Amino acid sequence: MTKKRPFAIVAGAGPGLGQALTRKLSQEGYNVLGITRSKPSSSISDTILFAQVDLADTQAVKEVLTPCLTRYGTPEILIHNPASLVIKPFLETSAEDFTRAWKSMMLSAVNTCQAVLPQMLEAGRGNIIISGATASLRGGKNFAAFASAKFALRGLAQSLAREYQQQGIHVVHAILDGIIDTDTSRSLHKLSSDRMMKPDDIAQIYWQLIQQPRSTWTHEIDLRPQQENF
């Protein structure tokens, strides 16, 4: 990775959408830091650096991001993409399940946004995209832990947009209303490919959001496969 390229961060850069986002940003000329629970077995690009970090650990996030911000400069893009899917009947959902979902999605967003916003504000520009889900808008049966965390994440995105938009920070909440097409989801859900969302297609939409002129910023967008009922 070279200092001459602009800098982007993808928090939650695992297989599927996360790595599609890192590839897309790299192809568009960025140095990309992908933060994951487990590092990929092989390098994707010499302009993509992966770090294995628990995003719910405030101090660990600072220790990883601080030297990267010093070396590569102010990030122009932060994409927050982690999720912890908890599917259980409410009475079988423990306090630990709720805490795990909240930490994975909400606390991780707080930690990463607080780490990068000071530099973005100093620069007077930046893009923050937060990946939501169907559960961001409605809580489904057996999804109490997941939906409550996704609802909270949507509220955080709204608050950040209202607090920082006029200071040049474009905050987007992207509702992904469908199953993302990965090896795991194909085996789990047994859906045909036209019923699932392609990671590279989502990455393209995120890139279009980043390119929006300041006179026409989107705050919230919902994406779904053509075959998805809604």
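About the criteria used
- Residues numbered from 1 in each chain as written.
- Predicted model: local features only at pLDDT ≥ 70, side-chain atom pairs only at ≥ 80, totals over all residues.
- Heavy atoms only, no water.
- Helix = DSSP H or I, 4+ residues; strand = E, 2+ residues; numbered from the N terminus.
- Buried < 20%, exposed > 50% of the residue type's maximum accessible area, 1.4 Å probe, protein only.
- Contact = heavy atoms within 4.5 Å.
- Areas by Shrake-Rupley, 256 points an atom, 1.4 Å probe, with all protein chains shown as cover.
- Lys, Arg positive; Asp, Glu negative; His and termini not counted.
- Charge placed at Lys NZ, Arg CZ, Asp CG, Glu CD.
- Core = buried A, V, L, I, M, F, W, Y, C linked by side-chain atoms within 4.5 Å.
- Expected span 1.5 Å × (residues − 1).
- Arc of directions from axis to C-beta.
- Polar contact = N/O pair within 3.5 Å; in protein donor to acceptor, adjacent residues only side chain to side chain.
- Pairing = 2+ DSSP bridges.
- Axes fitted to C-alpha atoms, helices over the stretch in contact; angles between N-to-C directions.
- Parallel < 35°, antiparallel > 145°, perpendicular 65-115°, else oblique.
- Left-handed = near helix turned anticlockwise from the far one by under 90°.
- Nonpolar A, V, L, I, M, F, W, Y, C, P; charged D, E, K, R; others polar.

**Student:** Help me out: how do you make sense of the overall build of the protein in this one?
**Tutor:** Secondary structure summary: the protein contains six helices and nine strands in total. Taken over the C-alpha atoms alone, the protein extends approximately 50 × 40 × 35 Å along its principal axes. Relative to its 230 residues, the protein shows a buried fraction of 47%. Contacts in the protein between residues far apart in sequence, at least 24 positions, make up 68% of those at least 6 positions apart. Element-wise, carbon and sulfur atoms account for 50% of the exposed surface of the protein, whose accessible area totals about 11500 Å². Of note, the protein has its 24 positive side-chain charges centred 2 Å away from the centre of its 20 negative side-chain charges.

**Student:** Please clarify how the nonpolar core should be interpreted in this entry.
**Tutor:** Membership of the largest hydrophobic core comes to 40 residues, with the highest contact counts inside it found for Ile9, Leu33 and Ile128. Elements supplying a minimum of two residues to this core: strand 1 (7–11), strand 2 (31–36), helix 2 (58–72), helix 3 (95–123), strand 5 (126–133), helix 4 (144–164) and strand 6 (169–176). Here this core gets ten residues from one element, more than from any other, and that element is helix 4. Leaving out residues up to four positions away in the same chain, Leu33 has contacts with Phe7, Ala8, Ile9, Val10, Leu49, Ala51, Val64, Leu65 and Cys68. In this structure, Ala8, Ile129, Ala203 and Ile210 belong to the second largest nonpolar core, which totals 25 residues.

**Student:** Just checking my understanding: could you explain helix 6 (residues 199–210) for this structure?
**Tutor:** Because the α-helix completes a turn every 3.6 residues, residues three or four places apart line up on one side. For helix 6, built from twelve residues, the straight-helix expectation of 16 Å at 1.5 Å per residue is met to within 8% by its first-to-last C-alpha distance of 17 Å. Among all positions of helix 6, only Pro199, Ile202, Ala203, Tyr206, Trp207, Leu209 and Ile210 are buried. Buried residues of helix 6, seen end-on, are gathered within an arc of 155° and therefore sit on one face of the element.

**Student:** Looking at this structure, I do not really get the environment of Asp181. What am I missing?
**Tutor:** Counting through the fold element by element, Asp181 comes out in the loop between strand 7 (179–180) and helix 5 (183–189). Here the alpha-carbon distance between Asp181 and Ile35, two residues 146 residues apart in the chain, equals 21 Å. With near-sequence residues (within four places) excluded, Asp181 lies in contact with Arg186, Met196, Met197, Lys198 and Pro199. Within the structure, the side chain of Asp181 is placed 2.7 Å from the side chain of Lys198, a separation counted as a polar contact.

**Student:** Is there a simple way to explain the pairing of strand 6 in this structure?
**Tutor:** Within a regular strand, the side chains alternate between the two sheet faces. By the criterion of burial, strand 6 is predominantly enclosed, with eight of the eight residues buried. Across the two faces of strand 6 the burial is the same, with Ile169, Val171, His173 and Ile175 and His170, Val172, Ala174 and Leu176 all buried. Two elements, strand 5 and strand 6, share eight bridges in a ladder whose sense is parallel. When the sheet's bridge partners are listed, Ile129 is paired in strand 6 with Val172.

**Student:** In this structure, what is going on with the side chain of Asp97? I would like to understand it.
**Tutor:** Relative to the assigned elements, Asp97 resides in helix 3. Among the polar contacts made by the side chain of Asp97, one reaches the side chain of Lys88 at a distance of 2.8 Å. Side chain to side chain, Asp97 and Arg100 meet in a polar contact 3.3 Å long. If near-sequence neighbours (up to four positions away) are discounted, Asp97 is found in contact with Val86, Lys88, Glu92 and Ala145.

**Student:** Please clarify how the packing of helix 2 against helix 3 should be interpreted in this entry.
**Tutor:** Packed helix pairs are characterised by how far apart their axes lie and by the angle those axes make with each other. The N-to-C vectors of helix 2 and helix 3 enclose an angle of 30°; their axes lie 9 Å apart at closest approach. Between helix 2 and helix 3, the crossing angle belongs to the class labelled roughly parallel. The way helix 2 lies across helix 3 gives a crossing that is right-handed. Counting all contacts with helix 2, which are made through Thr58, Val61, Leu65 and Leu69, the residues of helix 3 involved are Asn111, Thr112, Ala115, Val116 and Gln119. For the contact of helix 2 with helix 3, the class distribution of residues is five nonpolar, four polar and no charged.

**Student:** Sorry, what's going on with the sheet that holds strand 6 here?
**Tutor:** Strand-to-strand pairing in sheets goes through backbone hydrogen bonds, with the strands running parallel or antiparallel. A sheet is described by the order of its strands in space; here seven strands give the open sequence 3-2-1-4-5-6-9, paired in parallel fashion. Looking at strand neighbours, the two that pair on one side only are strand 3 (48–52) and strand 9 (220–223), the edges of this open sheet. Going from strand to strand, the sheet's axes swing by 15° on average, the running direction of each strand aside. In terms of strand pairing, strand 4 (residues 75–80) meets strand 5 through four bridges, oriented parallel. Paired with Ile79 across the strands is Ile129, a residue of strand 5. Where helix 3 meets the sheet, it contacts strand 1, strand 4, strand 5 and strand 6, and its direction lies at approximately 175° from that of strand 4.

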